[in-house]
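The chain contents come next:
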Amino acid sequence: MTKNNSIQATMFRDLESKSAYELAKTCGFHYLDHALERNVFPTDKAMEDLAKFEEKLPEWSTPAKEVIRLLHVYGSPATVSQIGGRYFGFVDGSAVPAGMAAKLLATFWDQNTAMHVMSPISSKLECIVENWLKELFNLPQSTVAGFVSGTSPANFCGLAAARWRILKRLNWDVNERGLRNAPAIRIVAGRHAHSAVVKAVGLLGFGKDIIEWVNTDDQGRMIPEKLPALDDRTILILQAGEVNTGAFDPFPQLCEKAKAANAWVHIDGAFGLWAAASDTLNHLTKGIELADSWAVDGHKTLNTPYDCGIALCKDKEAYLAALQISGSYLAASDEARDGMLFTPEASRRSRIVELWATLKFLGKKGLSQMIDGMHDRALQFERELGSINGIRIINEVVFNQVLVGFDSDEITQNTLKRIQELRECWVGGSVWDGKRTIRISVCSWATTPDDITRSAKSFERALRETLESSLSMRN
Ligand SMILES: *Cc1c(COP(=O)(O)O)cnc(C)c1O
């Protein structure tokens, strides 16, 4: 403990010696060296050691190197190795090395990207990436992008723009007058819409109860014939990539119906929108260009580091107005883009740096290859797991998601628990069609064919042990 009332002098010394930074770098490299081979989920010991962080708020300063040391000794082992190739939980991406390295550099910059005048480089990169994304997703020229923390806020932004535009057409300024007594807006969504969309509907004050749910097929795709009559007061919410099956709504039919009725179409494409960037899978996203707003993550399929989402909207006026109550959006110019006009936040870190770096590193061809690789690995899972007795693949593996079924809910749960205990890979559970399943998401650039085989073997062993132990309990 440094009993020191000149904390400033301590910090200047830290800055000069760089010893804490050096230690962080050494620890980080050590972490990277082991991330691919280590147990995917923390060991019991690592979990117990988290108790070391429990203490009262310290009275005195702790040396910076000691702060870093504690994080590495007790923090690193209690991480989940998402940057390795055998983490298949939720729909969580890894991080492309160039993106992670760029984030490191940007950490030193510590920019606030609210305004051009605060960070010209961030402002410039936001303009560049906005154009690149329009090209990758084949979106209308008028499309603008907001760089937010994930698809949840991106959905919020898209739906806020829809709300502003629909009410504006009815001579109602929602920013000034709110929703009380406002003309009613309709919201139509598929039964398998992601909970993040439903949350945004709630946050925007529509009320979740007003959602008109449209029936879906056995893969979770909206059935066009089940779509109610739409009108110009309707927001139609579609999905590119269902979280369980990875299925895509049939956009051409649905969007054409919506266009004819002048309804607003918002697409939640958190991980699936990236299919548009694959030369072999872009048939899945055909028709998305007919929508009005889109939400997508960098930190899923694209494999940027975490905290990287993108809101896209082709109606710039509605988008800016929805997020800026003051009307200051009129100042938004392309030469000096103020990022805060495109996001709910004002101050933000410069997440655009790693988004730009990841795209610059991959290029169109590299990105297409990376996405195709995830799809190929998912197909490999389908083959290797599908050939094991007692395991069934439930979904059509159209993208990167694989849904696995067993003979009973009990076997599913016990096998899942055993797979998680083995720590060779990590997968989570889900429920599909009323039955428990294991959900696999291949979402890391680092996953190799060998990782799939090792993981499939772990499934096989876990199932065998589950069946053996239920047999021995019965005897
Ligand atoms: C992950 C996901 C979300 C939420 O995205 P966050 O980045 O976690 O906020 C929304 N919709 C779909 C389809 C998703 O897969």
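Refer to the structure printed above.
The model shown is predicted, which means the values in this text are computed figures rather than measured ones.

## Overview of the overall build of the chain
Step number 1: Helix and strand content of the chain: 14 helices and 11 strands.
Step number 2: Expected size for 475 residues packed as a compact globule is a radius of gyration near 23 Å; at 24 Å, the chain falls within 12% of this value.
Step number 3: With respect to the principal axes defined by its C-alpha atoms, the chain has extents near 70 × 65 × 45 Å.
Step number 4: When each of the 475 residues of the chain is scored for burial, the buried share is 50%.
Step number 5: Counted over contacts in the chain with a minimum sequence separation of 6, partners at least 24 positions apart contribute 73%.
Step number 6: By element, 54% of the accessible surface of the chain is carried by carbon and sulfur atoms, the whole surface being about 22200 Å².
Step number 7: For the chain, the centre of its 54 positive side-chain charges and the centre of its 58 negative side-chain charges are spaced 2 Å apart.

## With respect to the site of the ligand
Step number 1: Close to the ligand lie 13 residues, the nearest being Thr 151, Ser 152, Asp 268, Asp 297 and Lys 300.
Step number 2: At a separation of 3.0 Å, an oxygen atom of the ligand approaches a polar side-chain atom of His 299.
Step number 3: Note that an oxygen atom of the ligand is positioned 2.9 Å from one of the side-chain N or O atoms of Lys 300.
Step number 4: Class assignment of the residues belonging to the shell around the ligand gives a composition of 4 nonpolar, 6 polar and 3 charged.

## Describing the pairing of strand 9 (residues 401–405)
Step number 1: Of all 5 residues in strand 9, 5 are buried, a share of seventy percent or more.
Step number 2: Here strand 9 shows a buried face lined by Gln 401, Leu 403 and Gly 405 and a second buried face lined by Val 402 and Val 404.
Step number 3: As judged from the 2 bridges shared by strand 8 (residues 392–393) and strand 9, these two strands associate in the antiparallel manner. Paired with Ile 393 across the bridge in strand 9 is Val 404.
Step number 4: Pairing geometry for strand 9 and strand 11 (residues 435–441), over 4 bridges, is antiparallel. Bridging across to strand 11, Leu 403 finds its partner in Arg 439.

## Thoughts on the side chain of Asp 292
Step number 1: Tracing the sequence through the fold places Asp 292 in the loop between strand 5 (264–268) and strand 6 (293–297).
Step number 2: Residue class for Asp 292 comes out buried when judged on its relative accessible area of 13%.
Step number 3: A polar atom in the side chain of Asp 292 sits 2.8 Å from the backbone nitrogen of Val 265.
Step number 4: Those residues in contact with Asp 292, other than ones at most four positions away along the chain, are Ala 263, Trp 264, Val 265, Leu 312, Cys 313, Lys 314 and Asp 315.

## Here we look at unusual backbone geometry
Working note: non-glycine residues mostly have negative phi, and peptide bonds are mostly trans.
Step number 1: If you check the backbone angles, Asn 262 has positive phi at about 60° while not being a glycine.
Step number 2: By the secondary structure assignment, Asn 262 is in the loop between helix 10 (251–260) and strand 5.
Step number 3: Judged by relative accessible area, Asn 262 falls into the partly exposed class, the value being 42%.

## Comments concerning the sheet that holds strand 6
Step number 1: Strand order in this open sheet of 7 strands is 1-7-6-5-4-2-3, and the pairing throughout is mixed. The open sheet terminates on both sides in strands that have one partner only, identified here as strand 1 (144–148) and strand 3 (211–214). Along the sheet, successive strands turn relative to each other by an average axial angle of 20°, direction set aside.
Step number 2: Where strand 4 (residues 234–239) lies against strand 5, 5 bridges are found, and the strand directions are parallel. Across the sheet, Leu 238 pairs through a bridge with Ile 267, a residue of strand 5.
Step number 3: Across the sheet, helix 7 (residues 151–169) is in contact with strand 1, strand 4, strand 5, strand 6 and strand 7 (309–313); its angle to strand 5 comes to roughly 180°.
Step number 4: The strands touched by helix 9 (residues 195–203) are strand 2 (186–190), strand 3, strand 4 and strand 5; relative to strand 3, the strand with the most contacts, the crossing angle is about 160°.

## Focus: the sheet that holds strand 8
Step number 1: Strand order in the open sheet formed by 4 strands is 8-9-11-10, with antiparallel pairing between adjacent strands. Edge positions in the sheet fall to strand 8 and strand 10 (428–432), since each of these pairs with one other strand and no more.
Step number 2: Lying over the sheet, helix 13 (residues 409–422) contacts strand 10 and strand 11, oriented at roughly 35° with respect to strand 11.

## Overview of the pattern of salt bridges
Step number 1: As enumerated under the stated definition, the model contains 27 salt bridges in all.
Step number 2: A salt bridge links Glu 37 to Arg 454, with the shortest nitrogen-to-oxygen separation between them at 3.2 Å. Taken together, the residues span a long stretch of sequence, with Glu 37 in the loop between helix 2 (19–35) and helix 3 (44–49) and Arg 454 in helix 14 (residues 449–474) at a distance of 417 residues.
Step number 3: Taking relative accessible area as the criterion, Arg 454 reaches 21% and is therefore assigned partly exposed.
Step number 4: For Arg 349, the salt bridge goes to Glu 354, with nearest N and O atoms at 2.8 Å.
Step number 5: Given a relative accessible area of 29%, Arg 349 falls into the partly exposed group.
Step number 6: A relative accessible area of 0% places Glu 354 in the buried class.

## Quick look at the packing of aromatic side chains
Step number 1: Tallied over the entire structure, the rule returns 9 aromatic pairs.
Step number 2: A centroid spacing of 5.0 Å and a plane angle of 85° characterise the contact between Phe 88 and Phe 381, whose relative ring orientation is edge-to-face. Highlighted residues: Phe 88 in the loop between helix 4 (64–75) and helix 5 (97–109) and Phe 381 in helix 12 (residues 352–386), separated in sequence by 293 residues.
Step number 3: The exposure class of Phe 88 is buried, given its relative accessible area of 0%.
Step number 4: Aromatic side chains Phe 271 and Phe 399 sit 6.2 Å apart centroid to centroid with 25° between the ring planes, which places their arrangement in the stacked category. Of this pair, Phe 271 sits in the loop between strand 5 and strand 6 while Phe 399 sits in the loop between strand 8 and strand 9, and the two are 128 residues apart along the sequence. The pair Phe 271 / Phe 399 is uniform in exposure class, with both members buried.
Step number 5: An aromatic cluster is defined as three or more aromatic residues linked by ring pairs; in this entry it consists of Phe 41, Tyr 87, Phe 90 and Trp 426.
Step number 6: It is Arg 177 that lies over the ring of Trp 172; its NZ or CZ is 3.7 Å from the centre.
Step number 7: Lying across the ring of Phe 342, Arg 337 places its NZ or CZ 3.9 Å from the centre.

Criteria and cut-off values
- Residues numbered from 1 in each chain as written.
- Predicted model: local features only at pLDDT ≥ 70, side-chain atom pairs only at ≥ 80, totals over all residues.
- Heavy atoms only, no water.
- Helix = DSSP H or I, 4+ residues; strand = E, 2+ residues; numbered from the N terminus.
- Rg over C-alpha atoms; globule rule 2.2 N^0.38 Å.
- Buried < 20%, exposed > 50% of the residue type's maximum accessible area, 1.4 Å probe, protein only.
- Contact = heavy atoms within 4.5 Å.
- Areas by Shrake-Rupley, 256 points an atom, 1.4 Å probe, with all protein chains shown as cover.
- Lys, Arg positive; Asp, Glu negative; His and termini not counted.
- Charge placed at Lys NZ, Arg CZ, Asp CG, Glu CD.
- Near = heavy atom within 4 Å.
- Polar contact = N/O pair within 3.5 Å; in protein donor to acceptor, adjacent residues only side chain to side chain.
- Nonpolar A, V, L, I, M, F, W, Y, C, P; charged D, E, K, R; others polar.
- Pairing = 2+ DSSP bridges.
- Axes fitted to C-alpha atoms, helices over the stretch in contact; angles between N-to-C directions.
- Salt bridge = Lys/Arg side-chain N within 4 Å of Asp/Glu carboxyl O.
- Phe/Tyr/Trp six-rings, centres within 6.5 Å; stacked < 30°, edge-to-face > 60°.
- Lys NZ or Arg CZ within 6 Å of the ring centre and 35° of its normal.

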